Structures are given as C-alpha cells and as structure tokens.
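Notes for the structure review
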Amino acid sequence: MEPAEGDSRRDCWTVAFGDTYSQQDRCICAGYDNGDIKLFDLRTMSTRWEHNLKNGLCCVEFDRKDIKMNKLVATTLESKFHVFDMRTQHPTKGFASLSEKAHKSTIWAARHLPQNRDIFMTTGGNGSLCLWKYSYPADRSTKDSDDIEQGVIGSVSQLQNVTLTTQPISCFSWSADKEGLAACTSFDQTVRVLIVTKLKTV
C-alpha cells in the first residue's frame, strides 16, 4: 500500500498489527512524522480511519493484537501519548480518545503488560519510565444527537515512575512468562533488566 499518485509522501515511523482475531481479519496501524495516524484494513486493502495528532508518532501499539480491536496507545514527540478506544468507530468523529502529558520529553515507546492489557509502560527521552493503568467507563458507547453510536473513553492513572538514566530509553519489552519482568535499552549503550512488583494489586 502506498500513497496515490500526486499525494504527498510522509516518513512512516512506526507500525503495529491488530484486529487479528480470525484468519481473514488483519489491520495495520501506522504513525507518521507529520502526526498522521492511519488504520489500514488488509482484508479490503483500504484505509479504514485516519487522524492527525499534530506531532510525529514514535510508537503505536494495540493492547492485544490477536483479539478484536480494543485499545490503541500512540506516543509522540512533545511529551504526549494518546489512548484510543477502538471498539466503536463513529462515521465522522472516529474513535474516542484521550491524551496525557508525561516524561517532559519525547515518549519513545508504549508497551502493554501481557498478563493485564489495561496496564502499560511508557519510555521517555529523559531516561524515565512511567507505569499507567487504564480504567474503563461505565458504558463504552453511547448514541449521539443523530442516534449514531459513538465510543466513550475511560481514564488513565499513573501508578509509578522512575528515572534510570540521563539518555532516552528507546525500547522496552515485558516478559510473557514472568509477570513484571522486563528489559529496556537506552542511548547510553546499556541493557537493563527490571522487575515491577505488586502488579496483581493494582
């Protein structure tokens, strides 16, 4: 898939698979340097949704890629990340979302905890990690004035933060086998192995 002839071509900085709950259904979410975020349906080979976040996207990740689309986190330059509720798409308003400031620097990545998809970690250009929890609203959808269904976004709360280095943390990975075990890399040429405790109590 590529832009049509005559359309401007932007640098794609990040991609993520999602909606892979059957043999036929596949989506790719892509983030671009100009703040565009686009959702491509690979079954129909078409653009399902697009939006602009005003800052270049460093990372996009679905909370789980092997289920029907549920949540998507997108991180950007200028200290912001965005959470989208992907269950209900309004024909004109798109997906319900929220934005949050963190790290006071570029947010390089977001990674969901495999054992609990409502908990995720963000990594900052200032060498910090922030742990977040997403809470669902009482109702995930409602009807607008035209009786069209639209999504309702929940809220995020910060559980913990820590500064590990003075250099950006560019990558983070949770262990799928051991809850709370993780590793991260940073621009100071160091790999760090971490343990996050008390995750079952949040």
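Residues numbered from 1 in each chain as written. Predicted model: local features only at pLDDT ≥ 70, side-chain atom pairs only at ≥ 80, totals over all residues. Heavy atoms only, no water.

**Examining the pairing of strand 3 (residues 36-41)**
- For strand 3, the buried fraction is high: 5 of the 6 residues fall into the buried class.
- Both strand 2 (residues 27-32) and strand 3 contribute to a ladder of 5 bridges, which runs antiparallel. Bridge assignment links Gly31 to a residue of strand 3, and that residue is Ile37.
- Hairpin geometry of strand 2 and strand 3 is characterised by an intervening segment of 3 residues between the two adjacent antiparallel strands and by a positive phi of about 95 degrees at Gly35.
- For strand 3 and strand 4 (residues 46-52), the ladder comprises 6 bridges, and the chain directions are antiparallel. Bridge assignment links Asp41 to a residue of strand 4, and that residue is Ser46.
- Connecting strand 3 to the antiparallel partner strand 4 that follows it, the hairpin turn spans 4 residues, and Met45 within it adopts a positive phi of roughly 50 degrees. (Buried < 20%, exposed > 50% of the residue type's maximum accessible area, 1.4 Å probe, protein only. Helix = DSSP H or I, 4+ residues; strand = E, 2+ residues; numbered from the N terminus. Pairing = 2+ DSSP bridges.)

**Quick word on the sheet that holds strand 5 (residues 57-62)**
- Taken in spatial order, the 4 strands of this open sheet run 5-6-7-8, and their pairing is antiparallel. The two strands at the open ends of the sheet, each matched to only one other strand, are strand 5 and strand 8 (94-101). Pairwise comparison of adjacent strand axes, ignoring direction, gives a mean angle of 20 degrees for this sheet.
- In this sheet, strand 7 (residues 80-90) lies alongside strand 6 (residues 71-76) in antiparallel orientation, the contact comprising 5 bridges. Paired with Leu72 across the strands is Phe84, a residue of strand 7. (Axes fitted to C-alpha atoms, helices over the stretch in contact; angles between N-to-C directions.)

**Some details on unusual backbone geometry**
- With phi around 50 degrees, Met45 is a residue other than glycine that occupies positive phi space.
- Its location among the elements puts Met45 in the loop between strand 3 and strand 4.
- Positive phi, normally seen in glycine, also occurs at His103, with a value near 70 degrees.
- Looking at the element boundaries, His103 is found in the loop between strand 8 and strand 9 (107-113).

**Considering the environment of Arg111**
- Among the secondary structure elements, Arg111 is positioned in strand 9.
- Accessibility expressed as a relative area gives 25% for Arg111, which makes it partly exposed.
- Note: C-alpha distance between Arg111 and Cys59 (52 residues apart in sequence) is 9.3 Å.
- Once residues lying within four places of it in the same chain are set aside, the contact partners of Arg111 are Cys59, Glu61, Ile119, Phe120, Met121, Phe172 and Trp174. (Contact = heavy atoms within 4.5 Å.)

**What to know about the packing of aromatic side chains**
- Applying the stated criterion across every chain yields a total of 7 aromatic pairs.
- Here Trp49 and Phe84 contribute two aromatic rings whose centre-to-centre distance is 5.3 Å and whose plane-to-plane angle is 70 degrees, an arrangement assigned as edge-to-face. Taken together, the residues span a long stretch of sequence, with Trp49 in strand 4 and Phe84 in strand 7 at a distance of 35 residues.
- For the pair Trp49 and Phe95, a centre-to-centre distance of 5.0 Å together with 85 degrees between the ring planes defines the contact as edge-to-face. A residue pair is termed long-range when its members are at least 10 positions apart, and Trp49 in strand 4 and Phe95 in strand 8 qualify at 46 residues.
- For Trp49, a relative accessible area of 8% corresponds to the buried category.
- The rings of Trp49, Phe84 and Phe95 are connected pair by pair, giving a single aromatic cluster. (Phe/Tyr/Trp six-rings, centres within 6.5 Å; stacked < 30°, edge-to-face > 60°.)

**Points about the pairing of strand 17 (residues 190-195)**
- In this structure, strand 16 (residues 181-186) lies alongside strand 17, joined through 6 bridges in antiparallel fashion. From the neighbouring strand, Ala182 faces strand 17, where its bridge partner is Leu194.
- Taking the residues between adjacent antiparallel strands as the criterion, strand 16 and strand 17 are bridged by 3 residues, where Gln189 takes a positive phi near 60 degrees.

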